[in-house]
Amino acid sequence: MRREVRILLVGDDGVGKSTLITSLIRETFVSELQHVVPEVTIPPEVTPENVTTHIVDSSARSDNREQLITEIKKANVICIVYAIDNPHTFNRLASFWLPFIRSLGVNVPIVLVGNKIDLRGDQITNQSLEDEIIPIMNDFKEVETCVECSAKQPLNVSEVFYFAQKAVLHPTAPLYDSREHVLKPACIEALKRIFNLCDRDKDGVLNDDELNEFQRKCFNAPLQQQELEGVKEVVKEHEPAGVDDVGLTKLGFLFLHTLFIQRGRLETTWTVLRKFGYGDDLSLREDFLYPSFDVPHDCSVELSPLGYEFFTEIFQVFDKDQDGALKESELAQLFSTSPADPWANSDFPHTTITNDAGAVTLQGWLAQWSMTTLLDYKTTLSYLAYLGFEDDTRMALKVTRPRKVDRKRNKVQRNVFLAYVFGAAGSGKTSLLKAFVNKPYTNGYTPTTRPFCAVNSVEIKGAEKYLVLQEFGSKYEAEILQNKRKMEACDLLCFVFDSSDVNSFSYIVELRKRHNLDNYPTVFVATKSDSDLVQQRNEVQPDVYCHALGLSGPVSVSVKNEQTADLWNHLVGVAINPVPATPGLAGSAHESSKFRKYLTFTAVMGALGGAAFLGYRLYQQQRGFGNISKRDIL
């Protein structure tokens, strides 16, 4: 909501603009004034809405026209003042002032102010006034209201500025069609969303407890039972379908706000809308969806216990059939208060755990949000707001310690880990990821054309961790490996090769040659162990290659036969304790260097040993020939 309001008074000369401002400030009539009084600033603590208010006077004289135009363009609300005792000034509202303001491209609320009510006779009735004002309001929708006052008595002077301020802070135009006397579509949609969020048990009715919770959230005070009954009686009297035996229906909720607006209590509806994150244009505010959230370099974002609690509770609320899973219709209802399913453009629900019918289990639901938070925490922040998280949405997230700090200490305290999966086309990366989320194995090869993720929980020493596996397709792997920001976000690299394809492992070797990857925790996986093992067309075979890096040998798996050799625990174990699996770290480098030296020493000693043996045999042959006697020859 605005923290400042700029009110401009315009109108013909002699209508009492300067006198109105002076009467407000001094609370008495001053007859002798300068032509234009200086700008007045009223501090926020003096105003009911707690906003700073600037009140600006103006001149209608032609030599002040440029200044007038400048002030009109700066104003948040314009009060057009006319003199009740001078009909000509009233007629100029529609003939000059309103068209003139429109011609400047200014679209701000306008309040019509009839001054000098003390000079009007008693023959004018409220009906005749309404007959004069309504046609103007119909032709000029920017006109919010009309106020009559007297700067001389003074009478209704403070009301003029109150309604002007209110026209800015609680405008009618976005909410209500004054011509048709109905709520506008955007207002209806916003109020329906609020109703759905407040309907905690999702029965389509706000019971007394839900109404009181709504009242507490918006106005910081519950209603007494008598007051609740009074509200329902008013609704039932005018809109019978607005109340049933349980409580207030959605139709009744909309009727209440229509009534508030028609009775001039726009601040009530605006308070509700703003409490639920709506801005003046009735869209959810940017700062509500994406509050400032600082994530230092090399840190990641996870759900906090409050975040997991919220997503668990909302899962249980929308699991109407209580089968422990959310089917498509239940997910649609759950996301009805948001623009769309946040994973509509992904492979969800194939990215996480589902039951046999394809419905997302609670385990899969929490895993999916863990992955979303890790990869794109802003999406999680916005959906916490869309789905009705009660407190500051940032409380549902937490920032982890930098990865480099964890690796140096060799103690990782995070709960969600990201592994990039690389490998040649057809090596079985996608099948491996699908096996991770218990999806059935399928024959045939389909190339990966866009990033694919899978997430599941893994239990390590009684603690639940989440592992995200992400593959990019061999066509895009080099691009990812060159992206420093992307690489800093991962916890380990998983290199996959087809143990039945002679060329599969060499792809990984070449990939590692082209990119400096020795500083990343690394795991090698040999897929298709159910097929015949073949010799890889590479200078060094996979097990020797791994040992030369100081790593354990490749983990052999067969997705087809559902044999994954405890791979998931191994990957999480490496993420938690990365040093032994990181080739470039000091300890590993030392071991790797010793192993290479050992290989070199063995090869040299082998060669020397072979040469010595041949030399010895030759020497023995020569020595034996020299001892043969002439007699032996004969």
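Fair warning: this is a prediction, and the values are worked out from it, not measured in the lab. (Residues numbered from 1 in each chain as written. Predicted model: local features only at pLDDT ≥ 70, side-chain atom pairs only at ≥ 80, totals over all residues. Heavy atoms only, no water.)

**Brief notes about the overall build of the protein chain**
Formally: Helix and strand definitions here come from DSSP, where helices need a minimum of 4 consecutive H or I residues and strands a minimum of 2 consecutive E residues; each element is numbered from the N-terminal end. To get the radius of gyration, use the C-alpha atoms; to get the globule rule, take the number of residues to the power 0.38 and multiply by 2.2 Å. Relative accessibility decides the category of a residue: with a 1.4 Å probe and only protein chains considered, values under 20% of the type maximum give buried, values over 50% give exposed, and everything between is partly exposed. Throughout, a residue-residue contact means that at least one pair of heavy atoms, one from each residue, lies within 4.5 Å.
Along the backbone of the protein chain there are 24 helices and 20 strands. A globule of 634 residues ought to have a C-alpha radius of gyration of about 26 Å, yet the protein chain, at 39 Å, is considerably larger. A burial count over the protein chain gives 48% of its 634 residues as buried. Pairs at least 24 apart in sequence give 71% of the contacts found in the protein chain among residues at least 6 apart.

**Observations regarding the domain arrangement of the protein chain**
What counts, and what does not: Domain ranges listed in this record stem from an automatic or a database domain assignment. Using a 1.4 Å probe, buried area is obtained as the accessible area two parts lose upon being combined, added over both of them. We define a salt bridge as a side-chain nitrogen of Lys or Arg found within 4 Å of a carboxyl oxygen belonging to Asp or Glu.
Domain annotation for the protein chain reports domain 1 (4-169), domain 2 (182-283), domain 3 (288-337 + 346-400), domain 4 (411-582) and domain 5 (592-620). One C-alpha centre belongs to domain 3, the other to domain 4; they are set 27 Å apart. Listed as interface residues are 23 residues of domain 3 and, on the opposing side, 21 residues of domain 4. When the two sides are added together, the surface that domain 3 and domain 4 hide from each other amounts to roughly 1700 Å², 57% of it contributed by carbon and sulfur. For domain 3, the biggest contributors to the area lost against domain 4 are Glu302, Ile353 and Leu374; these three give 24% of the whole. At the boundary of domain 3 and domain 4, one finds one salt bridge. Across the pair Asp347 and Arg450 runs a salt bridge, and its minimum N-O distance is 3.2 Å.

**Describing the sheet that holds strand E17 (residues 463-471)**
So the rule is basically this: If DSSP finds at least two bridges between two strands, the strands pair. Interaxial angles span 0 to 180 degrees and are taken between N-to-C directions of axes, which are lines fitted to C-alpha atoms, for helices over the stretch in contact.
Here we have six strands laid out as an open sheet, ordered E16-E17-E15-E18-E19-E20, and mixed in their pairing. A single partner strand is all that each edge strand has here, and the edge strands are strand E16 (452-460) and strand E20 (555-556). Packed onto the sheet, helix H14 (residues 362-375) meets strand E15 (416-423), E16 and E17 and runs at close to 115 degrees relative to E16.

**Looking at the packing of helix H12 (residues 305-318) against H14**
The condition that has to hold: For classification purposes, angles smaller than 35 degrees are called roughly parallel, those larger than 145 roughly antiparallel, those between 65 and 115 roughly perpendicular, and all remaining angles oblique. Should the near helix be turned anticlockwise from the far one by less than a right angle, the crossing is termed left-handed; should it be turned clockwise, right-handed. Gly falls in the polar group here, along with every residue not listed as nonpolar (Ala, Val, Leu, Ile, Met, Phe, Trp, Tyr, Cys, Pro) or charged (Asp, Glu, Lys, Arg).
Contact geometry for H12 and H14: axes closest at 10 Å, N-to-C directions at 140 degrees. When the axis of H12 is compared with that of H14, the two are oblique. Handedness of the H12/H14 crossing: right-handed. Here H12 contributes Tyr308, Phe311, Thr312, Ile314 and Phe315 to the contact with H14, which in turn contributes Leu362, Trp365, Leu366, Trp369 and Ser370. Split into classes, the residues belonging to the contact of H12 with H14 amount to eight nonpolar, two polar and no charged.

**Quick look at the UniProt feature "domain: Miro" (unreviewed entry) in the protein chain**
Keep this limit in mind: UniProt positions are given in the numbering used here, feature names are shortened, and annotations may be inferred rather than shown by experiment.
The UniProt record annotates "domain: Miro" (unreviewed entry) at residues 2-170 and 414-577. Here residues 414-577 is 28% helix and 25% strand, with 11 Å between the C-alpha atoms at its ends.

**Describing the nonpolar core**
Nonpolar side chains tend to gather and get buried jointly when the protein is soluble and globular. Heads up, the rule is: Here, nonpolar core refers to any group of buried Ala, Val, Leu, Ile, Met, Phe, Trp, Tyr and Cys residues whose side-chain atoms link them within 4.5 Å.
If you look at the biggest cluster of nonpolar residues, it comprises 94 residues, and the most contacted ones within it are Ile194, Phe311 and Trp365. Those residues in contact with Trp365, other than ones at most four positions away along the chain, are Phe311, Ile314, Phe315, Leu326, Leu331, Leu334, Phe335, Trp343 and Val360.

**So, the pairing of strand E3 (residues 52-56)**
Most of E3 is tucked away: five of the five residues are buried. By the alternation rule, side chains of E3 split into Thr52, His54 and Val56 and Thr53 and Ile55, which are all buried. Bridge analysis of strand E1 (residues 4-11) against E3 gives five bridges, and the strand direction is parallel. In the sheet register, Glu4 faces E3, and the bridge partner there is Thr52. Where strand E2 (residues 40-42) meets E3, three bridges bridge the pair, whose relative direction is antiparallel.

**Considerations on a negative patch on the surface**
The condition that has to hold: Within the patch definition used here, like charges are joined within 9 Å and nonpolar side chains (Val, Leu, Ile, Met, Phe, Trp, Tyr) within 5 Å, considering only residues with over 30% relative accessible area and no salt bridge. Areas reported here follow the Shrake-Rupley algorithm with a probe of radius 1.4 Å; residue values treat only the protein chains shown as occluding. The charge count treats Lys and Arg as positive and Asp and Glu as negative. His and the chain ends do not count. Lysine's charge is taken at NZ, arginine's at CZ, aspartate's at CG and glutamate's at CD.
There is a patch of like negative charges on the surface, built from Asp201, Asp203, Asp244 and Asp245. Structurally, Asp203 can be placed in the loop between helix H6 (185-198) and strand E9 (205-206).

**Notes on the sheet that holds E1**
Adjacent strands of a sheet pair through backbone hydrogen bonds, lying either parallel or antiparallel. Within the open sheet, the six strands sit side by side as E2-E3-E1-E4-E5-E6. Their pairing is mixed. At either end of the open sheet lies a strand with only one pairing partner, and these are E2 and strand E6 (143-148). Averaged over all pairs of adjacent strands, the angle between their axes in this sheet comes to 20 degrees, without regard to strand direction. Of the strands in this sheet, E1, E2, E3, strand E4 (77-83) and strand E5 (110-115) are in contact with helix H1 (residues 17-26), which crosses E1 at around 140 degrees. Packing of helix H2 (residues 65-74) onto the sheet brings it into contact with E1, E3 and E4, and relative to E1 it is tilted by some 140 degrees.

**Notes on the packing of aromatic side chains**
How we decide: Paired rings are identified among Phe, Tyr and Trp, the last through its six-membered ring, by centres lying within 6.5 Å, and are further divided according to the angle between planes into stacked (under 30 degrees), edge-to-face (over 60) and tilted (the rest).
In this structure the tally under the stated criterion is 33 aromatic pairs. Here Phe311 and Trp365 contribute two aromatic rings whose centre-to-centre distance is 6.3 Å and whose plane-to-plane angle is 75 degrees, an arrangement assigned as edge-to-face. Here Phe311 is found in helix H12, whereas its partner Trp365 is found in helix H14, with 54 residues between them in sequence. On the accessibility criterion, Phe311 (0% relative accessible area) is buried. Aromatic side chains Phe436 and Trp568 sit 4.7 Å apart centroid to centroid with 45 degrees between the ring planes, which places their arrangement in the tilted category. A residue pair is termed long-range when its members are at least 10 positions apart, and Phe436 in helix H17 (residues 429-436) and Trp568 in helix H22 (residues 567-576) qualify at 132 residues. Judged by its relative accessible area of 13%, Trp568 falls in the buried class.

**Observations concerning H22**
Note the following rule: The arc in question is traced by the directions running from the helix axis to the C-beta atoms.
Listed as buried for H22 are Leu567, Trp568, Leu571, Val572, Val574 and Ala575. Down the axis of H22, the buried set is contained in an arc of 155 degrees. They therefore lie on one face.

**Regarding the pattern of salt bridges**
In a structure, side chains of opposite charge can pair up when their charged atoms sit close to one another. The full count for this structure, using the stated rule, is 25 salt bridges. Lys398 serves as the salt-bridge partner of Glu302, at 4.0 Å between the closest nitrogen and oxygen. Of the two residues, Glu302 is situated in strand E11 (residues 301-303) and Lys398 in strand E14 (residues 397-399); the sequence distance between them amounts to 96 residues. For the salt bridge of Arg403 with Asp491, the shortest nitrogen-to-oxygen distance reads 3.1 Å. One end of the pair, Arg403, is in helix H16 (residues 403-409); the other, Asp491, is in the loop between helix H19 (484-488) and strand E18 (492-498), with 88 residues separating them in the sequence. Asp491 matches Arg403 in its accessibility class, with the two residues each being buried.

**Brief notes about the environment of Lys202**
In this fold, Lys202 is placed in the loop between H6 and E9. With a relative accessible area of 19%, Lys202 lands in the buried category. For the pair Lys202 and Lys320, spaced 118 residues apart in the sequence, the C-alpha separation amounts to 9.3 Å. Setting aside residues no more than four positions away along its own chain, Lys202 makes contact with Asn196, Leu197, Val317, Phe318, Lys320 and Gln333.

**So, the pairing of E5**
Where a strand is regular, its side chains alternate between the two sheet faces. Most of E5 sits inside the fold, with six of its six residues counted as buried. Side chains Ile110, Leu112 and Gly114 project from E5 onto one buried face, and the interleaved Val111, Val113 and Asn115 project onto a second face that is buried too. In this sheet, E5 lies alongside E4 in parallel orientation, the contact comprising six bridges. Paired with Cys79 across the bridge in E5 is Val111. Both E5 and E6 contribute to a ladder of five bridges, which runs parallel. Paired with Val111 across the bridge in E6 is Thr145.

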